[in-house]
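# Architecture and fold: a report
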Amino acid sequence: MTSVQPLVVSAPVGEPTPDLSAAEVRVLEAIDAQALVLDLVELIRVPSVTGSDAESELQHRQAQQLAALGFDVDAWKLDLAALASHPDFPGTEAPRTEGHGVVGVLGDDAAVPALVLQGHVDVVPTGDLDKWPGRDPFSGAISAGSLHGRGACDMKAGVAANMAVARALVASGVRLERSFAVHAVVGEEDGGLGAFATMLRGHRGEAAVITEPTSTNLVVGNAGALTFELRVSGRAAHGSARLSGYSAIDAFLPIRSALVELERVRNAHPDPLFDGNALPYPISIGILRAGDWASSVPDLLVAEGRLGVQLGEPVALARAALEAAVAEACQRDPWLRDHPVRVGWPGGQFASGQLDVAHPLVDEVIGAIAITERRAARLAGAPYGSDLRLYAGMGGIPTLHYGPGDVRYAHAPREQVPIDELIATTRSLALLAARRCGAHL
């Protein structure tokens, strides 16, 4: 088991200052950095791949921890059939037999919480184990000041930070004028099932921060991401008589070119929030399947990928843009004109989501960061879909992302999060919670 050495971190003195009230000082001093890191190590060591039993295990653990802190906890088993039949169902991709929701509220559970901290406990599969140090993607190893393993960045560091804030509010002994909530959800990686279920259950908040990795920025807008499927027909033949058939792989090539051009057009004028991002709305093919015998000409190619949705773009228009590009490519190609590609939309369907930058939550988070981290925060947009659009859309909750880690490490065998960034972010979130919820002695 990886040992965690005692951590020495800066902390405010135990006296109020012009920037901090006595209650806020008390909350910041109650943050236990050692417990925070140990909690993240334990979270990483549970292989909570989307839809797995381990995902449910972590939800039960989150519920137990919140209950032990004195939170009023709503822990429920998701009705998967009812959710799937809902007209706004966000879609799923991973196989699933069960799912659980967890919401904990500290304070008046009848009142709308002043702040919600939300995180998802599920992680993506590990990929090739040989790419991971020691072939162990769930080690929770600490090296060079960072914690490593699947989920370290996306987003168990955020989940650990949320729980550390909850512990600090309780351990500090402060009283809250308004309630505080922690939401733990499942299924974010393949569509947002847990957030969808949480909103349908009626849980709300005056404001929410989803602690996804943001590279020290405030993410106030998410591009969407729609999973698509392309079925491209060919004509089977023996490999020795290739010219008597038509390879579905060859038939796909003009479609691939059309998607590259569509991607170029859709990224020509991105929102200023994506300044510095060369490709905020990617079109990516993640899976290609063709053929069933090495010496046969394949008569079917299936391509599965994701289409980036522009900020504020209706999902129907994004789908229509891809369908039109595919149809036009088919009309230009002699084979595809008579054998048009079929387009489907299975799996996760993430709309875009955005917070008005004039909302007070933005300045509140910026102010907390300025005090605890002594730096200016930058507003940014994220090129991936997230639960933000469900909280802001279905829930009507002003929502942004702020959390530890760099998303470039997510979904990769080098996944990691710096420990000092984890602690710093947690302190900012704790100060935000103390202020939003009116902490006093």
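Structural notes, computed from the coordinates. (Residues numbered from 1 in each chain as written. Predicted model: local features only at pLDDT ≥ 70, side-chain atom pairs only at ≥ 80, totals over all residues. Heavy atoms only, no water.)

Turning to the overall build of the chain, a few remarks are in order. When helices and strands are tallied, the chain shows twelve helices and 21 strands. Computed over its C-alpha atoms, the radius of gyration of the chain comes to 24 Å, within 12% of the 22 Å expected for a compact globule of 441 residues. Across its three principal axes, the chain shows a C-alpha extent of roughly 85 × 45 × 40 Å. The buried share among the 441 residues of the chain stands at 54%. (Helix = DSSP H or I, 4+ residues; strand = E, 2+ residues; numbered from the N terminus. Rg over C-alpha atoms; globule rule 2.2 N^0.38 Å. Buried < 20%, exposed > 50% of the residue type's maximum accessible area, 1.4 Å probe, protein only.)

A few words now on the layout of surface pockets. Here the largest pocket is characterised by a volume of approximately 1,300 Å³. At the level of elements, strand E10 (224-233), strand E12 (283-290), strand E14 (300-309) and strand E18 (379-382) are the ones that each hand at least two residues to the lining of the largest pocket. In terms of residue count, E10 provides more of the lining of the largest pocket than any other element does, four residues in total. Among the residues making up the lining of the largest pocket, the classes are represented as 17 nonpolar, 15 polar and 13 charged. (1 Å grid on protein atoms, 1.4 Å probe; cavity = no way out; pocket = protein on both sides within 12 Å on 5 of 7 lines; lining within 4 Å. Points joined across faces, edges and corners; volume = space filled by probe spheres on them. Nonpolar A, V, L, I, M, F, W, Y, C, P; charged D, E, K, R; others polar.)

A cis amide bond links Asp 154 with the next residue in sequence, Met 155, at an omega value of -15 degrees. Among the structural elements, Met 155 can be located in helix H5 (residues 152-171). We note that Ala 144 has phi near 55 degrees; this positive angle belongs to a residue other than glycine. Of note in the backbone geometry, Arg 374 takes a positive phi value of approximately 55 degrees without being a glycine.

Our focus in this paragraph is the side chain of Glu 24. Mapped onto the secondary structure, Glu 24 falls in helix H1 (residues 22-29). Of the polar contacts made by the side chain of Glu 24, one reaches the side chain of Arg 435; its length is 3.0 Å. Excluding residues within four positions of it along the chain, Glu 24 makes contact with Asp 19, Leu 431, Ala 434 and Arg 435. (Polar contact = N/O pair within 3.5 Å; in protein donor to acceptor, adjacent residues only side chain to side chain. Contact = heavy atoms within 4.5 Å.)

Geometry only, nothing functional implied.
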